[in-house]
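Analysis of the macromolecular model
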Amino acid sequence: MGLTASVLAIDAGNSKTDVAVVAADGRVVGTARGGGFRPPAVGVETAVDAVADAVRRAFAEAGVSSVAHVSACLANADLPVEEEQLAAALHARAWGASVEVRNDTFAILRAGIAEPRGVAVVCGAGINCVGMRPDGRTARFPAIGRISGDWGGGWGLAEEALWHAARAEDGRGGPTALARTLPAHFGLGSMYALIEALHLEHIGNARRHELTPVLFATAVDGDPVARAIVDRLADEVVAMAAVALTRLDLLDEETPVLLGGSILAARHPQLDGRIHELLADRAPKAVPQIVTTSPVLGAALLGLDHVRAPDEVHARVRAFYEGARAANEV
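Notes on the structure in this doc start here. This structure is a prediction, so every number in the text was calculated from the model and none was measured.

Some remarks on the packing of helix α6 (residues 178-185) against helix α8 (residues 211-220)
Across the interface, α6 lies against α8 with an axial gap of 10 Å and an inter-helix angle of 140°. In this structure, α6 crosses over α8, and the sense of that crossing is right-handed. Contact residues: Leu178, Thr181, Leu182 and His185 in α6; Leu211, Val214, Leu215 and Thr218 in α8. The residue inventory of the contact of α6 with α8, partitioned by class, reads five nonpolar, three polar and no charged.

Re the sheet that holds strand β2 (residues 17-22)
If you walk across this open sheet you meet the five strands as β3-β2-β1-β4-β5, and the pairing is mixed. Edge strands, defined here as strands with exactly one partner in the open sheet, are β3 (28-34) and β5 (96-103). Taking each pair of neighbouring strands and ignoring which way they run, the sheet shows an average axis angle of 15°. As defined by bridge partners, strand β1 (residues 7-12) adjoins strand β4 (residues 67-74) across six bridges and the pair is classed as parallel. The residue bridging leucine 8 from the neighbouring strand is valine 70, located in β4. Across the sheet, helix α2 (residues 44-62) touches β1, β2, β3 and β4, and the angle it forms with β3 is around 155°. Running at roughly 150° to β5, helix α3 (residues 80-91) makes contact with β4 and β5 of the sheet.

Concerning the pattern of salt bridges
Per the counting criterion, the structure on display carries 19 salt bridges. Here arginine 27 and aspartate 25 are joined by a salt bridge, their closest N and O atoms 2.8 Å apart. Here aspartate 25 falls in the partly exposed class, since its relative accessible area comes to 32%. Ionic pairing is found between aspartate 49 and arginine 93, a salt bridge with its closest N-O pair at 2.8 Å. Of this pair, aspartate 49 sits in helix α2 while arginine 93 sits in the loop between α3 and β5, and the two are 44 residues apart along the sequence. When its relative accessible area of 43% is taken as the criterion, aspartate 49 is described as partly exposed. Each of Lys16, Asp18 and Arg33 takes part in a single network of salt bridges with overlapping partners.

A short note on the environment of valine 44
With respect to the helices and strands, the residue valine 44 is situated in helix α2. Note: C-alpha distance between valine 44 and leucine 90 (46 residues apart in sequence) is 9.8 Å. Setting aside residues no more than four positions away along its own chain, valine 44 makes contact with Pro39, Gln85, Leu86 and Ala89.

Overview of the environment of serine 294
By the element assignment, serine 294 lies in the loop between β10 (286-290) and α12 (295-306). By relative accessible area, which is 26% here, serine 294 ends up partly exposed. In this structure the C-alpha to C-alpha distance between serine 294 and alanine 23, which are 271 residues apart in sequence, comes to 18 Å.

Some details on the pairing of β4
With eight of eight residues buried, β4 is to be regarded as a mostly interior element. Relative to β5, β4 is paired through seven bridges, and the arrangement is parallel. Across the sheet, leucine 74 pairs through a bridge with asparagine 103, a residue of β5. At this point the chain moves from β4, through α3, to the parallel β5, and the crossover so formed is right-handed.

Definitions and limits used
Residues numbered from 1 in each chain as written. Predicted model: local features only at pLDDT ≥ 70, side-chain atom pairs only at ≥ 80, totals over all residues. Heavy atoms only, no water. Axes fitted to C-alpha atoms, helices over the stretch in contact; angles between N-to-C directions. Helix = DSSP H or I, 4+ residues; strand = E, 2+ residues; numbered from the N terminus. Left-handed = near helix turned anticlockwise from the far one by under 90°. Contact = heavy atoms within 4.5 Å. Nonpolar A, V, L, I, M, F, W, Y, C, P; charged D, E, K, R; others polar. Pairing = 2+ DSSP bridges. Salt bridge = Lys/Arg side-chain N within 4 Å of Asp/Glu carboxyl O. Buried < 20%, exposed > 50% of the residue type's maximum accessible area, 1.4 Å probe, protein only. Right-handed = clockwise from strand over helix to strand, strands pointing away.

Okay, here's the thing in structure tokens:
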């Protein structure tokens, strides 16, 4: 199989983990899916244990016990020190002779570009942005919440919507239909009832993410406050992309800007239109596009970049995943 050039690709997000074993000729010979990767909640070793189960199943399918290189794109690898800690934990599992850990946003970026050159903004539960050039230069943000200057993502949007709705109902803020639509989603008649239910955990904290689609629906109906929140998210997406392009000296070159994650991939017309409008003003040569290919493809391509695999090997892996996507869309 030519294991000296084969790759174990890992894309581990907060909600699920995908792994793939790639042979030297670009064949994907083993795949598996596991649960979410949450080191801050469960600890590094327990989080890696969850990945290990998926790796074991992929190795069994491939008929191997190790590979030459492990390319892991992991959620919660937000700082270089965290990448180093996680790389050490993966190396200890002896899955491959070498290990490279990156933030999982790099997987989405690499999945959407033909060469390692471009910028990606991901907006799902949170928001993040990375960029890269073929010479190895990267641009990134800590992306660990408000303390690192972040605003947006599904959780942030839900919190903002709740804030405006609460103030609209009690008189501290201006009127907004969110004061009606948010509690109605849970069958409640007022924001006071929703606040109480959330505080007392009659409605679980994890269900707050359900309010993000309600926010977008309220914006579609024309509510000015909801529309302003959606516009602000577009502003944040473009601000991150423009800064990353500037840091990489790509602002004046035609460069792909990949948009991924559940919120951006949903193609909400107001959000999508505003992002394109702002990018045209701040980064006229940026080429925005939505990424829907499985991010584990990006992890695999980064691994193949590392082992300097030829172009035809990259193409074979991409064809495998893009063919699978096309089949799912039929």
